[in-house]
Amino acid sequence: MDEFSRRIGSEMDFRQEAVFAAEIRHNFATMSTVAIPEIVPELTRQRVLVMEFMHGTTLDKLQPLIDDGHIDPRALVRTVMEVYVQMMMIDGLFHADPHPGNLLVRDDGTLILLDFGLVVRVPRETRLALVRTVFAAIRRDADAVTDGFVGLGVVTPGTDRAVILRLVETLLGVAFGRTTTQERIAIMTAAHEELLADRVLTTLYDFPVMLPPDLVYFARTAALIEGIGVRYDARFNTLEFAAPLAIRLRQRIFESLGIDLRPSAPAVVDVLRNAARDATAIVRRAGGELVALATGIATRLSSDLWER
Ligand SMILES: Nc1ncnc2c1ncn2[C@@H]1O[C@H](COP(=O)(O)OP(=O)(O)O)[C@@H](O)[C@H]1O
Ligand SMILES: [Mg+2]
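Residues numbered from 1 in each chain as written. Chains lettered and ligands numbered in written order. Predicted model: local features only at pLDDT ≥ 70, side-chain atom pairs only at ≥ 80, totals over all residues. Heavy atoms only, no water.

Points about the overall build of the protein
Here is step 1 of the chain: Across its full length, the protein carries 13 helices and six strands.
Here is step 2 of the chain: In the protein, the proportion of contacts linking residues at least 24 apart, taken out of those at least 6 apart, comes to 70%.
Here is step 3 of the chain: A total accessible area of about 17,200 Å² is found for the protein, and carbon and sulfur atoms account for 58% of it. (Helix = DSSP H or I, 4+ residues; strand = E, 2+ residues; numbered from the N terminus. Contact = heavy atoms within 4.5 Å. Areas by Shrake-Rupley, 256 points an atom, 1.4 Å probe, with all protein chains shown as cover.)

Here it is as structure tokens:
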């Protein structure tokens with residue numbers, strides 16, 4: 001409710017909506033699979049918003065187009081995911097209301113985003129903590145996800161780390177499983193009951209996980225996107241679907257956070273030079289048989305470094 005009352009004022013001002021629409025349109029200027037209406041700023045006022053009319057079908061009325069083969073639902077869900085990974089993890093400005101009425105699809109499959117009344121700007125620290133948590137989840141690294149949860153402020157202060165770690169392990173199991181929504185609810189309910197039975201929690205209210213206001217819209221948006229996926233595949237798995245996209249965009253994601261993943265060129269040259277020198281020394285000592293081995297190590301070293 002606090003978060004809602006904080007935002008309702010700006011949601012009522014179309015000038016603000018116009019600014020968000022223009023900024024997000026600019027961020028997707030080079031992505032041909034998504035379209036955002038152009039605002040007419042000179043005709044826009046606090047209570048009037050004028051923009052380009054977009055022709056398309058809302059996401060909840062797509063079934064006929066899917067049935068006759070015009071639209072591939074998997075490709076569409078992939079586009080939605082791509083757009084949201086970019087907004088949430090690179091641009092730090094995301095459309096937080098992706099319900100089917102606000103998303104249209106053109107006959108050629110282009111995704112149209114409408115309604116910029118609810119747009120959230122994410123502070124860099126939150127984005128960094130989120131990115132770290134997501135990549136930890138992709139690696140299935142429960143320890144790092146637990147750290148990520150602490151960094152995001154999701155863990156109730158004073159909670160025993162072992163409790164969170166167990167919850168994270170359960171969550172990762174669910175996140176990677178091809179389960180239906182009902183099955184997921186059952187697994188999480190069982191985990192919760194287990195915590196209660198262990199007397200780790202004494203009431204339903206001291207659940208060790210909470211949702212800070214910053215993350216409310218992330219969670220809601222993620223749930224809406226999952227809903228889009230589930231619509232076309234009851235066992236839709238968000239993480240499985242988003243992981244390859246996040247990995248592919250990794251360089252851009254970390255660059256946008258000011259973190260350079262690439263080793264600098266001199267560092268690579270150094271490693272290669274050292275490897276070559278070591279190889280020469282080994283050859284001198286032990287003869288030709290070791291050349292292949294040393295070369296192999298050097299190659300692997302440098303390619304590891306590139307990948308990193
Ligand atoms: N640029 C547009 N082109 C075509 N239809 C639009 C456009 N903008 C809004 N609409 C239609 O009007 C509806 C309501 O607009 P929207 O911006 O979502 O307002 P609200 O905040 O009331 O949901 C949308 O669901 C869509 O059907
Ligand atoms: Mg709307």
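Side note on the coordination of the magnesium ion (ligand 2)
Geometry reference: four tetrahedral donors at a metal, ideal angle 109.5 degrees. Six octahedral donors, ideal angles 90 or 180 degrees.
Here is step 1 of the chain: Asn-102 (OD1) and Asp-115 (OD) make up the full set of protein donors to the magnesium ion (ligand 2), lying at 2.2 Å. Placement of Asn-102 in the loop between strand S3 (93-95) and strand S4 (103-105) and of Asp-115 in the loop between strand S5 (111-113) and strand S6 (119-121) is noted, with a sequence separation of 13 residues between them.
Here is step 2 of the chain: Given a relative accessible area of 30%, Asp-115 falls into the partly exposed group. (Donors = N, O, S within 2.8 Å, 3.2 Å for Na, K, Ca; no water. Buried < 20%, exposed > 50% of the residue type's maximum accessible area, 1.4 Å probe, protein only.)

Some points on the packing of aromatic side chains
Here is step 1 of the chain: Under the counting rule described, the total for this entry stands at three aromatic pairs.
Here is step 2 of the chain: Each ring, one from Phe-135 and one from Phe-254, has its centre 5.5 Å from the other, and the planes form 40 degrees; the classification is tilted. Of this pair, Phe-135 sits in helix H5 (residues 124-138) while Phe-254 is found in helix H11 (residues 250-256), placing the two residues 119 residues apart along the sequence.
Here is step 3 of the chain: Residue class for Phe-254 comes out buried when judged on its relative accessible area of 13%.
Here is step 4 of the chain: Pairing Phe-236 with Phe-241 gives two aromatic rings, centres 5.2 Å apart and planes at 45 degrees, and the pair type is tilted. There is no split in this pair, since Phe-236 and Phe-241 are both buried. (Phe/Tyr/Trp six-rings, centres within 6.5 Å; stacked < 30°, edge-to-face > 60°.)

As for unusual backbone geometry
Here is step 1 of the chain: Phi at Asp-115 is positive, roughly 70 degrees, even though this residue is not glycine.
Here is step 2 of the chain: Positive phi, normally seen in glycine, also occurs at Arg-140, with a value near 60 degrees.
Here is step 3 of the chain: Structurally, the position occupied by Arg-140 is in the loop between H5 and helix H6 (142-152).

Concerning the environment of Phe-28
Here is step 1 of the chain: Within the fold, Phe-28 resides in the loop between helix H2 (14-27) and strand S1 (34-35).
Here is step 2 of the chain: When the C-alpha atoms of Phe-28 and Gln-86 are compared, they prove to be 9.1 Å apart, with 58 residues separating the residues in sequence.
Here is step 3 of the chain: In this structure, Phe-28 is in contact with Val-34, Ile-36, Val-83, Gln-86, Met-87 and Asp-91, ignoring residues within four places of it in sequence.

Regarding the site of ligand 1
Here is step 1 of the chain: Pro-37, Met-51, Glu-52, Phe-53, Met-54, Gly-101, Asn-102, Leu-114 and Asp-115 make up every residue found near ligand 1.
Here is step 2 of the chain: Its free accessible area being 540 Å², ligand 1 has 54% of it covered by the protein chains.
Here is step 3 of the chain: Counted by class, the shell around ligand 1 contains five nonpolar, two polar and two charged residues. (Near = heavy atom within 4 Å. Nonpolar A, V, L, I, M, F, W, Y, C, P; charged D, E, K, R; others polar.)

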